[in-house]
Amino acid sequence: MNWVLPLTAEQRQRSRQKLSMGNIELGLTLPRGTVLQAGDWLMAETGEWARIEAKPEPVLTAIAKSPMQLVKAAYFLGNRHVPVELGAQYLRLKPDSVLENLLQHLGLTIVNEVQPFSPEPGAYHSSHH
């Protein structure tokens, strides 16, 4: 049987954790530094497979009016080492009132929503695929 394992962005970065799926308790142990991405597959010791999904979670979606506005906002967030999901016209990050004010000051439209969050793995992350 195949399972779907919805995990938040933070859970996808933890190498050791206990998870509950309904009435099933799971222990997840991965090599240190592993970052799971939506669509990855894990095989259990029992031989069953689980597909990772990005679980919807509270996020700020900052929508830009122009490419330059998007680049400027990404630059400021990058300088603060904030985990960010990059879109063609938006940046998505965990809720933070200081960063929300900064992005509004830069002219971006802020939407508080619950969405899957898939931040960029970062410049120094080596892919595990």
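Residues numbered from 1 in each chain as written. Predicted model: local features only at pLDDT ≥ 70, side-chain atom pairs only at ≥ 80, totals over all residues. Heavy atoms only, no water.

*Asks:* Hey, could you run me through the pattern of salt bridges in this one?
*Replies:* Pairing is possible between side chains of opposite charge, provided their charged atoms come close. Scanning the entire structure with this criterion turns up 5 salt bridges. Measuring nitrogen to oxygen at the nearest pair gives 3.5 Å for the salt bridge that ties R51 to E53. Of the residues examined, R51 reaches a relative accessible area of 27% and is grouped as partly exposed. Of the residues examined, E53 reaches a relative accessible area of 31% and is grouped as partly exposed. Several salt bridges share partner residues, and in doing so they unite E85, R92 and E113 into one network. (Salt bridge = Lys/Arg side-chain N within 4 Å of Asp/Glu carboxyl O. Buried < 20%, exposed > 50% of the residue type's maximum accessible area, 1.4 Å probe, protein only.)

*Asks:* Quick question: what am I supposed to make of the packing of aromatic side chains here?
*Replies:* Any aromatic ring pair is given by two values, namely how distant the centres are and how the planes are angled relative to each other. In total, this model carries 2 aromatic pairs according to the counting rule given. A centroid spacing of 5.8 Å and a plane angle of 75 degrees characterise the contact between Y75 and F76, whose relative ring orientation is edge-to-face. (Phe/Tyr/Trp six-rings, centres within 6.5 Å; stacked < 30°, edge-to-face > 60°.)

*Asks:* Just to check I follow, could you spell out the side chain of Q11 for this structure?
*Replies:* Here Q11 is to be found in the loop between β1 (2-7) and β2 (16-21). Setting aside residues no more than four positions away along its own chain, Q11 makes contact with P6, Q17 and L19. (Helix = DSSP H or I, 4+ residues; strand = E, 2+ residues; numbered from the N terminus. Contact = heavy atoms within 4.5 Å.)

*Asks:* Explain the environment of L7 to me, please; I cannot follow it from the model alone.
*Replies:* Residue placement: L7 occurs in strand β1. Here L7 falls in the buried class, since its relative accessible area comes to 1%. Separated by 30 residues in sequence, L7 and Q37 place their C-alpha atoms 9.5 Å apart. Discounting residues that sit within four places of it in the chain, L7 has contacts with R12, L19, L36, I52, E53, A54 and K55.

*Asks:* Explain the confidence of the model for the protein here, please?
*Replies:* Predicted coordinates in areas of low pLDDT are best not read in detail. On average, residues of the protein score 90 in pLDDT, and 93% of them reach the 70 mark or higher. By mean pLDDT, strand β3 (residues 24-29) is the weakest element of the protein at 84, and strand β6 (residues 56-63) is the strongest at 98. This model gives residues 124-129 a pLDDT under 50, and the stretch forms 7 contacts once residues within four places in sequence are excluded. (pLDDT = per-residue confidence, 0-100.)

*Asks:* I tried to follow the sheet that holds β1 on my own but got confused; where do I start?
*Replies:* Consider a sheet: its strands pair through backbone hydrogen bonds, and that pairing is either parallel or antiparallel. Strands sit in the order β1-β5-β4 across an open sheet of 3 strands; the sheet is mixed. Looking at which strands have only one partner, the edges of the open sheet turn out to be β1 and β4 (41-43). Averaged over all pairs of adjacent strands, the angle between their axes in this sheet comes to 30 degrees, without regard to strand direction. (Pairing = 2+ DSSP bridges. Axes fitted to C-alpha atoms, helices over the stretch in contact; angles between N-to-C directions.)

*Asks:* Can you help me understand the pairing of β3 in this one?
*Replies:* Regular strands place side chains that alternate from one sheet face to the opposite one. Pairing geometry for β2 and β3, over 6 bridges, is antiparallel. Within β3, the position partnered with K18 by the bridge is G27. The turn linking β2 back onto β3 is made up of 2 residues, and G22 within it adopts a positive phi angle of 65 degrees.

*Asks:* Any chance you could explain unusual backbone geometry here in plain terms?
*Replies:* Glycine aside, negative phi is the norm for most residues, and most peptide bonds take the trans geometry. A positive phi is found at H81, a non-glycine position, where the angle reads about 55 degrees. Relative to the helices and strands, H81 is located in the loop between α1 (67-79) and β7 (85-86).

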